[in-house]
Amino acid sequence: METDAVILGGGIAGLQSAYRLSKLGMRSVIVEKAPFLGGHTARFACKATDRCRLCGACALEDVLRKTRSADSVKPFVRTAVQRVDDENGRFALTLLRKPPRIIPEKCGQCGECEKVCPVDGALARSPLNNELYIDEDKCLFFKDASCRACMEVCPDAAVNLEEEPDTLELNASAMIVATGFKPFDPELKPRFGYGLVPGVVSALEMDAMLRSDTWFPGEGDAEARSAAFIQCVGSRDPKIGRNYCSRVCCGYAVRMARLMKHRFPSLRPTMFYMDIQNFERAFDKSLEEAAEEVRLIRSIPAEVRKGEDGRPELIYHGPGDERVIESFDLVILSIGITPASPEISTDLGVTKDGFCGTDGENVTTRKRGVFVAGTVQAPRSIEETIAHAVAAAGKAASYVKEMKNGGSL
Amino acid sequence: MRASAVRSVFLTRAARPAEASKRVLVLGGDSIGMNIAERFAIDGFPVLLLGYPAGTQVRDRITLAPDTVLDELQGFTGAFDAILTNSAGRSVERVGFVVAAQPEARVPKFEDYQLPSSRGIVSLSQLEDMLQSGDESLTRRGEWLHVAFLFGLSGESEPAVFSRVLSAIEHLGQGEKVQSYVFTRNLKVAADGLERRYRDCRESGAIFFKFDDAGPVFTSNSGGTLMVFREPLLGLEMELMPDLLVVDERLNPPASLKPLLETTPLAYLSAPFLQPESIRFSGVQTPKAGMFAVGPSRGVFDPAVIEDDVEAVVTALKESVAGVPDVTLPGSPVVDAAKCVMCLTCLRLCPHGAITFAKTAEVDPATCVRCGICAVECPMTAISLAPPAGDPDMISAIRQGLAATSGQGKIVAFLCSRSAAQALKSVPLRDVENLIPIVVRCAGTIAVPHVLEAFQQGAAGVIAAGCFQGNCASGYGTILAEERIALVRELLSDAGIDRDLVRFVPMAGNTPGVLGGAVRELEDRINKDIVKG
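A brief report on the enclosed structure follows. (Residues numbered from 1 in each chain as written. Chains lettered and ligands numbered in written order. Predicted model: local features only at pLDDT ≥ 70, side-chain atom pairs only at ≥ 80, totals over all residues. Heavy atoms only, no water.)

## Focus on the interface of chain A and chain B
- Each side of the interface is counted separately: chain A has 62 residues, and chain B has 61 residues.
- Carbon and sulfur atoms supply 47% of the area buried between chain A and chain B, which totals about 5200 Å² over both sides.
- On the surface where chain A and chain B come into contact, there are 10 salt bridges.
- Our enumeration of links across chain A and chain B arrives at 30 residue pairs in polar contact (both at pLDDT 80 or more).
- Secondary-structure elements contributing two or more residues to the side of chain A that touches chain B are α1 (12–23), α2 (59–68), α8 (283–293) and α9 (382–406) of chain A.
- For the side of chain A that touches chain B, the leading source of residues is α9 of chain A, giving 10 residues.
- Of the residues belonging to the side of chain A that touches chain B, the class tally is 25 nonpolar, 15 polar and 22 charged. (Contact = heavy atoms within 4.5 Å. Buried area = accessible area lost by both parts, 1.4 Å probe. Salt bridge = Lys/Arg side-chain N within 4 Å of Asp/Glu carboxyl O. Polar contact = N/O pair within 3.5 Å; in protein donor to acceptor, adjacent residues only side chain to side chain. Helix = DSSP H or I, 4+ residues; strand = E, 2+ residues; numbered from the N terminus. Nonpolar A, V, L, I, M, F, W, Y, C, P; charged D, E, K, R; others polar.)

## Focus on the packing of aromatic side chains
- Under the criterion given, the structure shown has 21 aromatic pairs over all chains.
- Ring centres 5.5 Å apart and planes at 85° place the aromatic pair W215 of chain A and F264 of chain A in the edge-to-face group. Placement of the pair is W215 of chain A in the loop between α6 (203–211) and β11 (226–233) and F264 of chain A in the loop between α7 (249–263) and β12 (268–273), with a sequence separation of 49 residues.
- Look at F151 of chain B and F162 of chain B: their rings are 5.0 Å apart centre to centre, the planes differ by 40°, and that puts the pair in the tilted class. Here F162 of chain B lies in helix α5 (residues 159–172) and F151 of chain B lies in strand β10 (residues 145–151), a separation of 11 residues in the sequence.
- Taking the relative accessible area as the measure of exposure, F151 of chain B reaches 0% and is therefore buried.
- Aromatic rings pair up to connect F151, F162, Y198 and F208 of chain B into one cluster.
- If you follow K22 of chain B out to its NZ or CZ, it ends over the ring of F45 of chain B, 5.0 Å from the centre. (Phe/Tyr/Trp six-rings, centres within 6.5 Å; stacked < 30°, edge-to-face > 60°. Buried < 20%, exposed > 50% of the residue type's maximum accessible area, 1.4 Å probe, protein only. Lys NZ or Arg CZ within 6 Å of the ring centre and 35° of its normal.)

## Remarks on unusual backbone geometry
- Between A271 of chain B and P272 of chain B the backbone carries a cis peptide bond, its omega angle lying at 10°.
- Along the chain, the position of P272 of chain B falls in the loop between α8 (267–270) and β18 (291–293).
- Here L54 of chain A, not a glycine, exhibits a phi torsion of approximately 65°, which is positive.
- Relative to the elements of secondary structure, L54 of chain A occurs in the loop between β2 (28–31) and α2.
- Classification of L54 of chain A as buried rests on a relative accessible area of 17%.
- The backbone of T381 of chain B sits at a positive phi, close to 45°, despite the residue not being glycine.
- Mapped onto the fold, T381 of chain B is located in the loop between α11 (373–377) and β22 (383–384).

Any functional reading would require information that these geometric values do not contain.
Encoded structure:
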């Protein structure tokens, strides 16, 4: 198969690059590992309260719609890159494409398979359209072929465990790496109690619950519930090699806190931070508004531990220079954006902060014909990712044109 | 705004030239505007460049208009008329695109801190000039030099300003016997490399005081400016009389945006910038087709993002020349000249500035995004927007939808194509069994007669679902929809019908739960009404 540009990653950066390439009259192939497009954004909840709060999550639906309507974009999901050969500034790729394990045309959405699956998360639903899929990293069949429970119970014969992946040869003139970021693993900062103290969750987990509308602040007593956001977990922390600000988490946490309060007005959110980063224009006013709904405390707690009542307990340095111990019903860790280090990044260069690309260059890499788009290169908001992807698409298109006109440079 | 829009109607040439102009008007002032002009020139776009003094060297295809200002902009993408003034008088230049890439206006915060601009007190820009020119007072190092920076102590600042503060400290630090202090509230490190540079500055000796309150009190005397403050970490009372007090700057949009704002629809949302703060306007796009905003003119000051903007604006122009048709776009609205009475309603209400008048209303097809608001608002029903090929018009869709289903409790849902119609795809089918979806391009086109028609044809309830306020791609489509649904609710009430059988539901493409929930609620209401009798 021939294409102008191959795009690794079908998140918002990859999709936007593909769409803009199509507008420039270029063909592209998107290679996405997951069974659905959208990347992290597909799991973000809309943060609108009584009005849009500018989180940007809905931009995904917009760009998905546009990409789907562009004939020149070919997305391959459940597909991985097996091999890349650089042939004089052009790329020859071998792709490994897995078949759908639950065939959507046959699946009647009865949910019987979900009832019998012994592994948590092995059978999951796409956040985009609710379709069932199998996570092969978790499913026992793909580990040691020890379980076929879903296949046996399915009344529609929609489960397809045994079909082998096929390979696909692809030639492309340019490559855009848009493989995104890895969320910081909060277990690396045990003092915040993740995995140790009940009631401590990561912001991404909270977001997924808000998206699926499965979070409630608790039943019963009329007493208001409290939630604490802890910022900079895995950011601005040179001791663990994170000597950068993840840029998006202040806005993300404030929006999330306001959404929770909008849904449950008696909730009392608190945000513990170092320095609030701007997330809107006219930020003075935004911050004032946010402070009406969210208690802002400039202090990063020293420790989160399990209190005597079972709730998480935060120990922090209070504004009056005193040691404060305060209990919350829920603690949400604003985990940072960390490099995802795609397999092919060895040749592309590494920035000072460990991301893929070259310091001082926005979209070009050390390797001719390979461009980076989105959070694979540095932490970015959704809006900034979209802008960056346009820049990558523009550069890639110029490169493709050059290759077509002159062959190798 | 309105007055000027109306004024330009009669000045605007309605007839569109056969060939769209590829010439670009670039409003610049620093290296960014120049860079953009050069990129265009290399890619074959002729450029008219404003914002640089006479004698500036420019490359082929760039025409420099020195000491010239843009007074007014008229027309549409591919055929703008730029009215320019310079010492020789006024002239009109035809251009196809306009790019606003002027540098930001920097306003020192002397007044915010109630500091006089005097010896020993300078703005960040003034310090930068001093550093650039190797000013003696900074380089003469007999004694220690104490430099105090104020950053974001009055009003939240920007990463772009913090980057300049750090650059100044780095520059000063190259000499010996310098002590820099930064008085701040919130550091702004959310840009490339800033956290690392901040820590490096601290390690190499710069002292940062972070306050929760307004910070130091200033008193000026003959010796200089005395700063008295409580050191925030240890709580100690401290004094400092710096040799130089450096005041940070507020970053404002370029002053020369005014004539562009006057031609930009939705300027009431975007002012003082050219781009509304909305998810619907990404990158360098503005509400005026063919006009692009780079960096400060759209409220962005981060140099790395501005670099993306430069690439994006070049890409946008190449796209418009590539001319790949948008297959999702239906035909342009058609004006029935016999019905049009030139009332100007469409002109006033078009959120995209696509309407002009000659002998009748005319729609610029390259500007129009087919939202359909003009067609609904026209009091003479002179404008019609064809549905996408193969789709029935709205009234037929309502009739067909209701006729095709029997049984009671059917709900007609008017769904905005950009939000609710996207969300519908993810709502489990069992939740929307009773739903007859009618997809509209913008919620602003859901009209009172459509809703009444749905009831007349036997719908038990009606949902109008569109984007949240602040998220409408047509600016005020949501507000129009809300107003009309409020009107229908009143009409129903007056007729003795439960007003809650129709409701407006704001939502996004990724909130299927909101749509599902609204349907369930309405079904409950319908059932309750049936029980009540």
